[in-house]
Amino acid sequence: MISWLVAIGAGVALAALGYVGRSARGAMSRLGPAALRALATTVLVALWLDAPVGRARPGRLLVALDASASLSRGGDTTAWRRARVIADSLGERPVLVGTSVGTSPIPERPTLPSSRVTPLVDQALAEGRTVALITDGEIEDADALRRLPAGSRVSVVRSADGPDIGIARLDAPATAIASDTVVLRVHLVAGGVGASATQLAVAVDGASGDAIAVAAMAPWEERTLEVPRAVGRAGGRVIRASLAAGDREPRNDTLAVAIDVLDRPAALVLSTAPDADIRWIESGVRSALGAGVQTWWRVSPGEWRRAPSLDPVAETEVRRAVAEASVVVLHGDTAFFGPPSTALRGSRWLIPSSDADGEWYVAPSADGSPMGDLLSGAAPDSLPPLSASAAPALEWTALVARRDKRGDGVPILTGRTTAPRTVVLTAAGLSRWGLRGGEAASALPALAGGVAAWLAESAPERRAAVPTQTSWREGEPITWRRGGRDSVVVLRWSAAGQTGVDTLRFGATGTTAVGRVFAPGRVDVDVAGGRVTLVVNPSGELLPRRAAVAAGPVGDGAAAAAAPSARDWLWLYAVVILALSAEWVLRRRAGLR
C-alpha cells in the first residue's frame, strides 16, 4: 500500500508541476492532459517500485517425505510409520525425497539410497510453495534448506538408537603387483550409543587372514585400522572387509573394493647407487602412483635387491622389467642399461649421480612447466641448498638453481613432453629437505609425486575405459575414464546372473563419461582390451550418522505467499505509453507546448 501512495503522490505532484499556472484554452483544457500525466507517472513509479497489484494468494503446501533407507535402519520402521502419519495429517499428497523428487506411491519401507533435498528446494522455489519436510534429519545437503521460502518447516522423526558399528570406507590402492602385500585402511564409525567389541576380517577373493579384534567404541567415535594383505595372482581382485554380526544394522558391516593386480610393475624405481635422496624420492613416487610401483637397489656389482624386503633379484629380471615398464625412475648411472633413448620403452625420470659441490638454491622457472607448482607453494628461501649442475636443454625447464642465491641460475629440472615423456634432475641433497621439516618436508614429496604423476599420464592403458574409483555405493552412477583414443566404447557387463550392453560416449575431447547405475554386488565388465571388475556396496544411508537438521521453521527465501507485483502485469507498460501519447495530443490541442 505504501508503494502505491508514493506512486500516486508522485503522479499528482508531477501533474501539478506541469499544468498549474499554465495558460490554455480554458481550465478544462488543462484537466485532461494533467490527469493523463498523473496516471502515466503513477503507473511508472509503481513499476519502478514493483508495487503489489493484488492480494497475496499462498500456494498449496508442498509436503515432502524423506524416503531414504536411513529411516528403516536395522529393520525398524517405527520412524517411517510416524513420518507417514504426519504427512497424512497435512492433507496434501506428499512427494518422496531421496535421490530426486518423485510422486511414486508411498512404499511400505523406505529404500532410497540417498537423502538430497536440493531438487525439492528447486521445485518449491519454481512453484512458489512453502514446504513441510518430514525426515529423520540425516540430510546430505542440509544447507540447501536455507533457500526454501519463508514459512517452510521441518519435522524430525527418529527411531530408538541401538549399538551399531559400520565400515564407512575401505582405502586400497587402485593397482598392485602380483604376490605383493598391500596395506588397507579400514575406517569404522559408531552410532549414537556406541558399539560393542567385535572382530574384523579382510578377505581377498574369499581368502581371509586372521581376524582382527576391534575394541568397543564410544558414541559417534571414528577409528581407522591398518590391515596388510597379500593380493595373490594377477587379475581383477575383490577385497572385502566385514565385521562380525551382532549389532543393530548388519547391512553396514561389509564393504568391498576392486583392485587390478598386475603381473608386472606399473612403474619402476631403480638406483645403481642408492642413497638417501632416492629413498625420499621413491616414497613420493609410491604415494603418487600407489602399490603398482616396484623398487630395486643395486647394492654391489651384479647384485640387486628388492625394496623394502631386500630380497635378491636377478639382474636379468631387472633388465627385462626396465625394457617393458611404462614409467621408469632411474637414479645413479642412467646409462647402466644402455642409452635411455633405446633401452627404455616408457616415460622416464633420469637422476644422474652428481659430484657437483657448493650451495645452490632452488626456485621455480619463470617459464613454468606442464606439471605446475612442483614445490607445493613452499617459499624458495625455506628450502635447504643443494649440490647441482646444469641439466641438458630439453623442451622446458621446471626448476632452476642459483649459486649462493646470485646470478640468473642454471636449469636443474628439465623435461620433454613429446613421447616418450622425459624428465631430467641434476641435483643432489634433496634428503636435506625431508630432514628439515616444515615447508621443505612437504616440498620434497610434492616434487617427486608431481613428476611421477605427470609421467604416468602418458602411460598406455590397454583397456578402452577404466572406472575412476575402486568402489561405489548403491545409487551412484559409474564414472569411467577414457583409456585409449576411442570416443565411443562398448561395455558388456554381467552382474547377479544378468547381462547387458552399454555404450560410453566421451565426446571429441572428453576424458570421463557417466555410465549406468548397478545394484549392490560384483559387476564384471568386458571392454576392448581387457576386463574390468566393479564393486557396488550397500547405500551409505545405512551407516550411523548424526542428524544434520533440527525440527522447526526453515528457509529464509522470499515468502511463497507474496502478492503479484506490478512488473508481472505487462499491460501496465502499455498504459504508460498510451497515457503519455494521449497527453501529448491533448496538450497540442490546448495550445500548450
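Below is a short write-up of the structure. (Residues numbered from 1 in each chain as written. Predicted model: local features only at pLDDT ≥ 70, side-chain atom pairs only at ≥ 80, totals over all residues. Heavy atoms only, no water.)

As for the environment of Leu570
Cut-off, in case you're wondering: By definition, any uninterrupted DSSP run of H or I lasting at least four residues is a helix, any uninterrupted run of E lasting at least two residues is a strand, and each is numbered from the N terminus. Buried residues are those whose accessible area, probed at 1.4 Å on protein chains only, stays under 20% of the maximum for their type, while exposed residues exceed 50% and partly exposed ones sit between those limits.
For Leu570, the position within the fold is in the loop between β35 (552-554) and α10 (571-589). You can call Leu570 exposed: its relative accessible area is 64%. In sequence terms Leu570 and Leu47 are 523 residues apart; their C-alpha atoms lie 9.9 Å from each other.

Observations concerning the sheet that holds strand β29 (residues 479-482)
Rules: A strand pair is defined by DSSP finding two or more bridges across the two strands. Angles shown run from 0 to 180 degrees and are taken between the N-to-C directions of axes, each axis being a line fitted to C-alpha atoms and, for helices, limited to the stretch in contact.
Taken in spatial order, the three strands make up an open sheet running β27-β29-β32, and their pairing is antiparallel. Two strands close off the open sheet at either side, each with one partner strand: β27 (465-467) and β32 (512-514). Mean inter-strand twist for the sheet, computed between neighbouring axes without regard to direction, equals 35 degrees. Summarising the sheet, β27 and β29 pair through three bridges and their orientation is antiparallel.

Thoughts on the nonpolar core
Our working definition: Note on terminology: a nonpolar core comprises buried Ala, Val, Leu, Ile, Met, Phe, Trp, Tyr and Cys residues joined through side-chain atoms within 4.5 Å. Two residues form a contact once any of their heavy atoms are found within 4.5 Å.
Residues Trp349, Leu413, Val423, Trp433 and Val451 are the most contacted members of the largest nonpolar core, which totals 41 residues. Element by element, the count of residues in this core is highest for helix α9 (residues 438-457), at nine residues. If sequence neighbours within four positions are ignored, Val451 has contacts with Trp349, Met371, Leu374, Leu413 and Val423.

With respect to helix α5 (residues 276-289)
Short version of the rule: One less than the residue count of a helix, multiplied by 1.5 Å, gives the span that helix is expected to have. What qualifies as a polar contact is a pair of N or O atoms within 3.5 Å, subject to a donor-acceptor requirement within protein and to the restriction that residues adjacent in sequence count only when both atoms come from side chains.
Counted at 1.5 Å a residue, the expected span for α5 with its 14 residues is 20 Å, and the 20 Å between its end C-alpha atoms agrees. Two or three places before Asp277, at the opening of α5, Asp275 has a side-chain oxygen 3.1 Å from that residue's backbone nitrogen. Backbone geometry just downstream of α5 places Gly290 in the positive-phi region, at approximately 85 degrees.

Here we look at the packing of α5 against α9
For any two helices packed against each other, one specifies the inter-axial angle together with the distance between the axes. The following threshold applies: If an angle is under 35 degrees, it is roughly parallel; if it is over 145, roughly antiparallel; if it lies from 65 to 115, roughly perpendicular; otherwise it is oblique. Each helix crossing is assigned a hand: it is left-handed if the near helix lies turned anticlockwise from the far helix by less than a right angle, otherwise right-handed if that turn is clockwise. Asp, Glu, Lys and Arg are counted as charged, while Ala, Val, Leu, Ile, Met, Phe, Trp, Tyr, Cys and Pro are counted as nonpolar; the rest, among them Gly, fall into the polar class.
In contact at an axis separation of 7 Å, α5 and α9 are set at 50 degrees when each is read in the N-to-C sense. The orientation of α5 with respect to α9, classified from their angle, is oblique. The way α5 lies across α9 gives a crossing that is right-handed. In contact with Trp280, Ile281, Gly284, Val285, Ala288 and Leu289 of α5, α9 contributes Leu444, Pro445, Ala448, Gly449, Ala452, Ala453 and Ala456. Taken together, the residues that form the contact of α5 with α9 break down as 11 nonpolar, two polar and no charged.

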